[in-house]
Amino acid sequence: MAKELLKGNIAMAEAAIRAGLEGYFGYPITPQTELLEWMAERMPALGRAFLQAESEVAAINMLYGAACTGARVMTSSSSPGISLMMEGISYIAGTEVPVVIIDVVRGGPGLGNIAPSQGDYDQIVHGGGHGDYHPIVLAPASVQEAIDLVVLAFDLAEKYRTIVFVMADGNIGQMMEPAELPPMRPIKSEYPDWAVRGAMGRERRILSSIYIDPKDEEVTNYRLMQVWNQIQANEVRYREYFLDDAEYVVIGFGTAGRIALSAARMARAEGIKVGLLRPITLSPFPAPQIESLVSRVKGILVVEMNAGQMLNDVQKVVKGRVPVEFYGRMGGMVPFPDEILAEMRRMSQEVIPLDGDPRQRWMKRFAPVIHWNN
Amino acid sequence: METTLAAQIVYQRPQSLTEAAMHYCPGCTHGIAHRLIAEVMDEMSIRERAIGVAPVGCSVFAYNYFDCDFVEAAHGRAPAMATGIKRLLPDRVVFTYQGDGDLASIGMGEIVHAAGRGENISVFFINNAIYGMTSGQMAPTTLPGQKTTSSPRGRDVETMGYPLRMAELLSNLDGAGYVVRRSLHDPKNIRMAKKAIRLAFETQLRGLGFSMVELLSTCSTNWGLSPLESLKWLEEHMIPYYPIGDFKVAEALKEIKV
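Residues numbered from 1 in each chain as written. Chains lettered and ligands numbered in written order. Predicted model: local features only at pLDDT ≥ 70, side-chain atom pairs only at ≥ 80, totals over all residues. Heavy atoms only, no water.

Some points on the environment of Gly108 of chain A
With respect to the secondary-structure elements, Gly108 of chain A resides in the loop between strand E5 (99-105) and helix H5 (121-125). Counting along the chain gives 29 residues from Gly108 of chain A to Ser79 of chain A, while the straight-line C-alpha distance between them is 7.8 Å. (Helix = DSSP H or I, 4+ residues; strand = E, 2+ residues; numbered from the N terminus.)

Below is the structure:
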């Protein structure tokens, strides 16, 4: 397949179709809607299920039902819609059926706006729905990576009978870039031995998230944690840039990570030895990779398009052993490489304390930058 | 000369029911509703391609009693879950079993849109005018003046609004193929209910759209009445507000004799 100029939302939709998607259920919400529209055109033409639901609540429950048949199924939405889906997400986790959910994240909280953001990190990575469960969360930084991760998402979801999120910030959904789509995979012909498809010549099957006896629910929770341990051991993914001789390392994912890469190149040109660690799996978190950096670098800069949601996870690993600084833009604002470069310069020149709260320091530095009067 | 008559079974557990003992209270009509659905599944030979969707409410464990594939939905979301299954497996027989809190309160959006889309699923709606599992709170179908634990001085329509007549409401939607109300309070009505359940499945098999049978039911425990008094209360209080009748019957169904 040759490279084409593709919009992120459409590329992710087509990638899912080519990965053997059998059913899509969704609801329009900016900046994700082109994904639903592409499905509306393509899925019926291929004889596959497409339905625009009456709400995100209905969409996630349609997805839940469809997933119980063992088919490859998916929904997509953007932040407020994902919030609405949290009920169903918890039920799907509790029932252990595989689904893929694409979240094209926008500015919040509340109605917020339709600009790119990474404000859904906590609601996806650290739960949102009730109970103990851990989804896999993949964060692409380009249209090509979004395509590749959507395909991977289905394989991981089925391998572990889990929820896989592709968390793409609004940039990735709306941006056009040259990218290559995968070849069309056939729809699967065999379905797993738990799938509810009618008890033809076999014992009936029941799929449920109820374990009314707490002893059974505890066993289920333990099993979910065992699966999660396997995922943590085997599925951490990340990209690293210029880390070999790096004195300072930037950690950023998605669009923030990509902009940080430009900044790191600029810093290198000035002789500052900056490297970049870009987590691709936000969950499982690349904690071992960050741990290995702690003894090697003079400081870590976390860059996000939120108020430091991943920062908490980085600090949990670093435990105050090297200085950590934070730089974030919020509410749909996207940092320029210059802003991150300025932080890198500052880190290389100033003595950054080991203690104290990097978020508080950032707020103080950041206050004059905000467009208070616009 | 001696003649021996061969023993003939005239009544037995339908194949579509499991042997599990039901957890329902004495006087509850869930057991009758389950049995009727199972008998119809047997008669139509659809057990092996049936997929049920259980609700949240007293019938949350319905899947323990039906010997067919089943899933368990979140509260009110059974029609959405059934939609997802039916869209992936259009040749299976997909049904939901829902109570009044599930279907007419928290699940109002899902049921209205499933009916509006003409979703080819069958819905069995148990209306007993109260929340059973949470032990007797006001339901959207609780009658004016009816005392419940959350309307302790009786449902005051000025502040708590009026009960919802779901069969009438859904029958107005173009996607509905078959929407009727029946009652489970006496043998004649139980026989009528079984025919309606048959027609609901026939609607689905013929692709005639959304089908729902509303079944007026009892809740002796939370009504605070004996099983016998409950049947009487249903007849005297519920039927005047919730008339038994056919609210939508697709033309193609009218020729079917069951």
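Moving on, there is more to tell.
Points about the interface of chain A and chain B
At the interface, 36 residues of chain A touch 34 residues of chain B. Together chain A and chain B conceal approximately 2700 Å² of surface at their shared face, both sides included; 63% is due to carbon and sulfur atoms. Taken together, chain A and chain B are joined by four salt bridges. Among the salt bridges present, the one from Arg204 of chain A reaches Asp67 of chain B, with a minimum N-O distance of 3.8 Å. Here chain A and chain B share 16 residue pairs in polar contact (both at pLDDT 80 or more) between them. (Contact = heavy atoms within 4.5 Å. Buried area = accessible area lost by both parts, 1.4 Å probe. Salt bridge = Lys/Arg side-chain N within 4 Å of Asp/Glu carboxyl O. Polar contact = N/O pair within 3.5 Å; in protein donor to acceptor, adjacent residues only side chain to side chain.)

Here's the deal with helix H3 (residues 56-68) of chain A
Residues and elements named next belong to chain A. Helix length check: H3, at 13 residues, gives a terminal C-alpha distance of 18 Å against a target of 18 Å (1.5 Å per residue), a fit within 8%. Most of H3 sits out of view: 13 of its 13 residues are buried. Between the side-chain oxygen at the start of H3 and the backbone nitrogen of Val57 there is a gap of 3.3 Å, and the oxygen is on Ser55. One or two residues past the end of H3 sits Gly70, with phi positive at roughly 85 degrees. (Expected span 1.5 Å × (residues − 1). Buried < 20%, exposed > 50% of the residue type's maximum accessible area, 1.4 Å probe, protein only.)

A word on the layout of surface pockets
Residue and element names in this part refer to chain A. Estimated volume of the largest pocket: approximately 390 Å³. Taken together, 21 residues line the largest pocket, and the ones lying closest to its centre are Ser90, Gly94, His130, Ser209 and Glu217. Every element with two or more residues in the lining of the largest pocket is listed here: helix H4 (79-95) and helix H8 (214-234). Residue composition of the lining of the largest pocket, by class: 11 nonpolar, seven polar and three charged. Its volume calculated, the second largest pocket comes out at about 290 Å³. Residue lining of the second largest pocket: 15 residues in total, with Trp228, Gln232, Pro284, Phe285 and Asp313 positioned closest to the centre. Elements represented by at least two residues in the lining of the second largest pocket include exactly H8, strand E13 (281-283), helix H10 (287-294) and helix H11 (309-318). Inspection of the lining of the second largest pocket shows a minimum of three residues originating in each of domain 1 (4-234) and domain 2 (239-369). (1 Å grid on protein atoms, 1.4 Å probe; cavity = no way out; pocket = protein on both sides within 12 Å on 5 of 7 lines; lining within 4 Å. Points joined across faces, edges and corners; volume = space filled by probe spheres on them. Nonpolar A, V, L, I, M, F, W, Y, C, P; charged D, E, K, R; others polar. Domains from an automatic or database assignment.)

Focus: the domain arrangement of chain A
Residues and elements named next belong to chain A. Examined at the domain level, chain A breaks down into domain 1 (4-234) and domain 2 (239-369). If you average the C-alpha positions of domain 1 and of domain 2, the two centres end up 29 Å apart. Tallying the contact residues gives 32 residues for domain 1 and 23 residues for domain 2. In this assembly, domain 1 packs against domain 2 so that about 2100 Å² is buried in total across both faces, 50% of it on carbon and sulfur atoms. Linking domain 1 to domain 2 there are two salt bridges. Glu177 serves as the salt-bridge partner of Arg258, at 2.5 Å between the closest nitrogen and oxygen. Taken together, the connections running from domain 1 to domain 2 amount to 18 residue pairs in polar contact (both at pLDDT 80 or more). Taken together, the elements giving at least two residues each to the side of domain 1 that touches domain 2 come down to H5, strand E6 (136-138), helix H6 (143-160), strand E7 (163-169), helix H7 (170-174) and H8. In terms of residue class, the side of domain 1 that touches domain 2 is made up of 17 nonpolar, 10 polar and five charged.

A short note on the environment of Gly299 of chain A
Residues and elements named next belong to chain A. Tracing the chain through its elements places Gly299 in strand E14 (residues 299-304). Between the C-alpha atoms of Gly299 and Glu247, which are 52 residues apart in sequence, the distance is 7.2 Å. If near-sequence neighbours (up to four positions away) are discounted, Gly299 is found in contact with Glu247, Tyr248, Val249, Pro323 and Met347.

Overview of the packing of aromatic side chains
Applying the stated criterion to the full structure yields 16 aromatic pairs over all chains. Their ring planes at 40 degrees and their centres at 5.7 Å tell us that Tyr121 of chain A and Phe253 of chain A sit as a pair that is tilted. Remark: Phe253 of chain A occurs in the loop between strand E11 (248-251) and helix H9 (254-269) and Tyr121 of chain A occurs in helix H5; sequence separation between them is 132 residues. When sorted by exposure, Tyr121 of chain A lands in the same class as Phe253 of chain A, which is buried. Ring centres of Phe66 of chain B and Phe70 of chain B lie 5.6 Å apart, and the angle between their planes is 25 degrees; on these two criteria the pair is classed as stacked. Comparing Phe66 of chain B with Phe70 of chain B, the two get one shared label, buried. Put simply, the rings of Phe66, Phe70, Phe95, Phe124 and Phe201 of chain B touch in pairs and so form one group of aromatic residues. Against the face of Tyr191 of chain A rests Arg197 of chain A, its NZ or CZ located 3.6 Å from the ring centre. In this structure, Arg165 of chain B is placed above the aromatic ring of Tyr241 of chain B, and the distance from its NZ or CZ to the ring centre is 3.9 Å. (Phe/Tyr/Trp six-rings, centres within 6.5 Å; stacked < 30°, edge-to-face > 60°. Lys NZ or Arg CZ within 6 Å of the ring centre and 35° of its normal.)

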